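Spelled out, the chains give:
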Amino acid sequence: EWVICAIRGFLPNQGEGKIRFATTTKLDVEDFLFRDGGCDEDDCEIHYSVEDVFFVEVALISYLCKNREDVFGLEIGDEFDCDFDMEAMERLIAAGNQSSGGRGSPDFWKRPIGTE
């Protein structure tokens, strides 16, 4: 949830709505899928590592931003200004509603940047 708030510019004291990466986004899918260890308590079946979460966050950002091609390849400290793709958000909400029995409202995510 916080990732979507970040790319929309809704975080407190965020300023212009840009996000700064503390980790490079030059991700290799094979490293993610075929790495040794990294899971909490070395049990990848029931636990997730920090690397798992970051990979999914970057994938979510790339899905929800029209300038998705700019997401992969950022260096540590680089800023990214998402051109938010509301149609992609609506598809994501619809998929979530389908799997959750209809809970969730797209209205929150359609708010203009900076509104509470």
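Residues numbered from 1 in each chain as written. Predicted model: local features only at pLDDT ≥ 70, side-chain atom pairs only at ≥ 80, totals over all residues. Heavy atoms only, no water.

**Points about the overall build of the protein**
Moving on, step 1. Counting secondary structure elements, the protein contains four helices and two strands.
Moving on, step 2. Taken from the N to the C terminus, the helices and strands of the protein come in the order α-β-α-α-β-α.
Moving on, step 3. In the protein, which comprises 116 residues, the proportion classed as buried is 33%.
Moving on, step 4. Within the protein, residue pairs in contact and separated by at least 24 positions form 57% of the contacts whose partners lie at least 6 positions apart.
Moving on, step 5. As presented, the protein carries roughly 7900 Å² of accessible surface, and 52% of it is formed by carbon and sulfur atoms. (Helix = DSSP H or I, 4+ residues; strand = E, 2+ residues; numbered from the N terminus. Buried < 20%, exposed > 50% of the residue type's maximum accessible area, 1.4 Å probe, protein only. Contact = heavy atoms within 4.5 Å. Areas by Shrake-Rupley, 256 points an atom, 1.4 Å probe, with all protein chains shown as cover.)

**Considerations on the nonpolar core**
Moving on, step 1. Core analysis: the biggest nonpolar cluster contains 19 residues, and Ile7, Ile19, Phe21, Ile61, Leu64 and Phe80 have the highest contact counts within it.
Moving on, step 2. Of all elements in the fold, only helix 1 (2-8), helix 3 (50-64) and helix 4 (86-100) reach the threshold of two or more residues within this core. (Core = buried A, V, L, I, M, F, W, Y, C linked by side-chain atoms within 4.5 Å.)

**Remarks on the packing of aromatic side chains**
By convention here, two paired aromatic rings are described through the distance between centres and the angle between planes.
Moving on, step 1. Enumeration over the complete set of coordinates arrives at one aromatic pair.
Moving on, step 2. Centroid distance Phe21 to Phe54: 6.5 Å. Interplanar angle 80°. Geometry classified as edge-to-face. Within this pair, whereas Phe21 is found in the loop between strand 1 (19-20) and helix 2 (29-33), its partner Phe54 is found in helix 3, the two being separated by 33 residues in sequence.
Moving on, step 3. Lying across the ring of Phe84, Arg8 places its NZ or CZ 4.4 Å from the centre. (Phe/Tyr/Trp six-rings, centres within 6.5 Å; stacked < 30°, edge-to-face > 60°. Lys NZ or Arg CZ within 6 Å of the ring centre and 35° of its normal.)

**Some words on the side chain of Thr25**
Moving on, step 1. In this fold, Thr25 is placed in the loop between strand 1 and helix 2.
Moving on, step 2. Looking at Thr25, its side chain comes within polar contact range of the main-chain oxygen of Val71, at 2.5 Å.
Moving on, step 3. Here the side chain of Thr25 touches Leu74 through a polar contact of 2.7 Å, landing on its backbone nitrogen.
Moving on, step 4. When near neighbours in sequence (up to four residues on either side) are disregarded, Thr25 contacts Phe54, Val58, Val71, Phe72, Gly73 and Leu74. (Polar contact = N/O pair within 3.5 Å; in protein donor to acceptor, adjacent residues only side chain to side chain.)

**Some words on the pattern of salt bridges**
Side-chain pairs of opposite charge can arise where the charged atoms are in close proximity.
Moving on, step 1. The tally for this structure, following the rule as stated, stands at three salt bridges.
Moving on, step 2. Residue Glu79 is joined to Arg20 by a salt bridge in which the shortest nitrogen-to-oxygen separation is 2.6 Å. In this pair, Glu79 is assigned in strand 2 (residues 79-80) and Arg20 in strand 1, connecting sequence segments 59 residues apart.
Moving on, step 3. For Asp85, the salt bridge is made with Arg68, and the minimal N-O distance between the two is 3.1 Å. Taken as a pair, Asp85 in the loop between strand 2 and helix 4 and Arg68 in the loop between helix 3 and strand 2 lie far apart in primary sequence, 17 residues in all. (Salt bridge = Lys/Arg side-chain N within 4 Å of Asp/Glu carboxyl O.)

In short, geometric facts, not functional conclusions.
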